[in-house]
Amino acid sequence: MTMKKKDTLLILWVCRFDAVIHFAGLKAVGESVQKPLLYYNNNLIGTITLLEVMGAHGCKNLVFSSSATVYGWPKEVPCTEEFPLCAVNPYGRTKLFIEEICRDVYRSNSDWKIILLRYFNPVGAHPSGHIGEDPRGIPNNLMPFVQQVAVGRRPALTVFGNDYSTKDGTGVRDYIHIVDLSDGHVAALQKLFDGSNIGCGVYNLGTGKGTSVLEMVAAFEKASGKKIPLVMAGRRPGDAEIVYASTDKAEKELNWRAKYGIEEMCRDQWNWANKNPWGYGTPDSAN
Ligand code: UDP
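Residues numbered from 1 in each chain as written. Predicted model: local features only at pLDDT ≥ 70, side-chain atom pairs only at ≥ 80, totals over all residues. Heavy atoms only, no water.

The name an unreviewed UniProt entry gives the protein chain is UDP-glucose 4-epimerase, with Colocasia esculenta as the organism. Here the protein chain is described in UniProt, under the heading Pathway (unreviewed entry), as follows: "Carbohydrate metabolism; galactose metabolism." (UniProt positions renumbered as here; feature names shortened; annotations may be inferred.)

Below is the structure:
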């Protein structure tokens, strides 16, 4: 979503805000390589506009959705918040630049309190089955793709690489249930208001556990009772081998830790998919 200055001004003129959670941004890695300026314009300019307007209206408390992508291809795991940062595509660079912008904003004025949350791999859906992810076009991410295979919208999952030096050769990630992720934001907001000298702080939001593609598929098959046909393919360019979080800092300082494992993630993802095989659309509107 592109945030225009006049929209944010209008909102801030009508209401007073204690804090802002900034989730907005384009997030498709492949698209960012094709259209870098779109990503820089939307993600960076949108954030700068938001920060300017917040500052002008005396609202200096921010929680920002960053990403584990800022660790690039980590040399070791688990990733701690102190790891060197690097970006491997324009999308990742927007997250990295926004983190740096936030650090500079805080350095310029220590009234700001900013928490950068580095998301690992959010999956699952709301347990009600009414709220879930519904990407447009061919899903880039593993779980929306698996879900579309399970409901018959796509014939098979392509597994990108089975020659990694992982337990079964497939890529390993730290999947986190979106309900845990949301709770992480509540914990971050509480931290902003608990009197701590937070400055511009950064926290990983993950489970601390690595799960391979094949393990995730097996868990989804168990939750759904559906067979997911697989096609083994080469590595996806730019993919890291193993990425998972150290969660110590969030546990200690935000008093937050993920409650759910991949079983619950797959259960809730399947519940959403089964109730809404076409997401928020219809067979005609989906592609
Ligand atoms: N993956 C896959 N097939 C797909 C999509 C993803 O095998 O259609 C793999 C991918 O190579 C990675 C893991 O699933 O090892 C998670 O990919 P995703 O794009 O969901 O997250 P990211 O790579 O951004 O962490």
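Now, onward.
Q: Can you help me understand the overall build of the protein chain in this one?
A: Within the protein chain, the regular secondary structure consists of nine helices and ten strands. Taken over C-alpha atoms, the radius of gyration comes to 19 Å for the protein chain, in line with the 19 Å a tight globule of 287 residues would show. With the principal axes as the frame, the protein chain shows a C-alpha extent of 55 × 45 × 35 Å. In the protein chain, buried positions account for 48% of the 287 residues. Counting only contacts in the protein chain whose residues sit at least 6 apart along the sequence, the fraction spanning at least 24 positions is 81%. Accessible surface, the protein chain: about 14300 Å² in total, of which carbon and sulfur atoms supply 55%. (Helix = DSSP H or I, 4+ residues; strand = E, 2+ residues; numbered from the N terminus. Rg over C-alpha atoms; globule rule 2.2 N^0.38 Å. Buried < 20%, exposed > 50% of the residue type's maximum accessible area, 1.4 Å probe, protein only. Contact = heavy atoms within 4.5 Å. Areas by Shrake-Rupley, 256 points an atom, 1.4 Å probe, with all protein chains shown as cover.)

Q: Can you walk me through the sheet that holds strand β8 (residues 200–205) in this structure?
A: Pairing between the strands of a sheet is mediated by backbone hydrogen bonds and can be parallel or antiparallel. The strand order β1-β2-β3-β8 describes an open sheet built from four strands, whose pairing is parallel. Edge positions in the sheet fall to β1 (20–22) and β8, since each of these pairs with one other strand and no more. Strand-to-strand twist in this sheet, taken as the mean axis angle between neighbours without regard to direction, amounts to 20°. Those strands touched by helix α4 (residues 90–108) are β2 (61–67), β3 (113–119) and β8, and its axis lies near 155° from that of β2. Lying on the sheet, helix α6 (residues 178–192) is in contact with β1, β2, β3 and β8; it crosses β3 at an angle near 160°. (Pairing = 2+ DSSP bridges. Axes fitted to C-alpha atoms, helices over the stretch in contact; angles between N-to-C directions.)

Q: I would appreciate a short explanation of the pairing of strand β5 (residues 157–160) in the present structure.
A: Remark: a regular strand shows side chains that alternate across the two faces of the sheet. A one-sided burial pattern is seen for β5, the buried positions being L157 and V159 and the unburied ones T158 and F160. Pairing geometry for β5 and strand β10 (residues 230–233), over four bridges, is parallel. Residue pairing for β10: T158 is matched across the bridge by V231.

Q: What should I look at first to understand the pattern of salt bridges in this one?
A: Oppositely charged side chains are able to pair whenever their charged atoms sit close together. On inspection of all chains with the given rule, the structure shows 15 salt bridges. Two residues, E99 and R118, come together in a salt bridge whose shortest N-O distance is 2.7 Å. One end of the pair, E99, is in helix α4; the other, R118, is in strand β3, with 19 residues separating them in the sequence. Given a relative accessible area of 0%, E99 falls into the buried group. Of the residues examined, R118 reaches a relative accessible area of 1% and is grouped as buried. Salt bridges sharing common partners tie together E99, E100, R103 and R118. (Salt bridge = Lys/Arg side-chain N within 4 Å of Asp/Glu carboxyl O.)

Q: So what exactly am I meant to see when it comes to the packing of helix α5 (residues 142–150) against helix α9 (residues 262–275) here?
A: How two helices sit against one another is set out by the angle between their axes and by the gap between those axes. It is at 10 Å that the axes of α5 and α9 come closest, and there the two elements cross at 50°. Considered as vectors, α5 and α9 are oriented oblique to each other. In this structure, α5 crosses over α9, and the sense of that crossing is right-handed. On α9, the residues that touch M143, P144, Q147 and A150 of α5 are C266, Q269, W270, W272 and A273. In terms of residue class, the contact of α5 with α9 is made up of seven nonpolar, two polar and no charged. (Parallel < 35°, antiparallel > 145°, perpendicular 65-115°, else oblique. Left-handed = near helix turned anticlockwise from the far one by under 90°. Nonpolar A, V, L, I, M, F, W, Y, C, P; charged D, E, K, R; others polar.)

Q: Can you walk me through the site of the ligand in this structure?
A: In the neighbourhood of the ligand, 14 residues make up the surrounding shell, with L142, T158, R173, R236 and D239 lying closest. Between the ligand and the protein, one listed contact pairs an oxygen atom with a backbone N or O atom of F160 at 2.9 Å. The side chain of R236 places a nitrogen or oxygen atom 2.7 Å from an oxygen atom of the ligand. Here the ligand loses 88% of its free accessible area of 510 Å² to cover by the protein chains. The element contributing the most residues to the shell around the ligand is β5, with four residues. (Near = heavy atom within 4 Å. Polar contact = N/O pair within 3.5 Å; in protein donor to acceptor, adjacent residues only side chain to side chain.)

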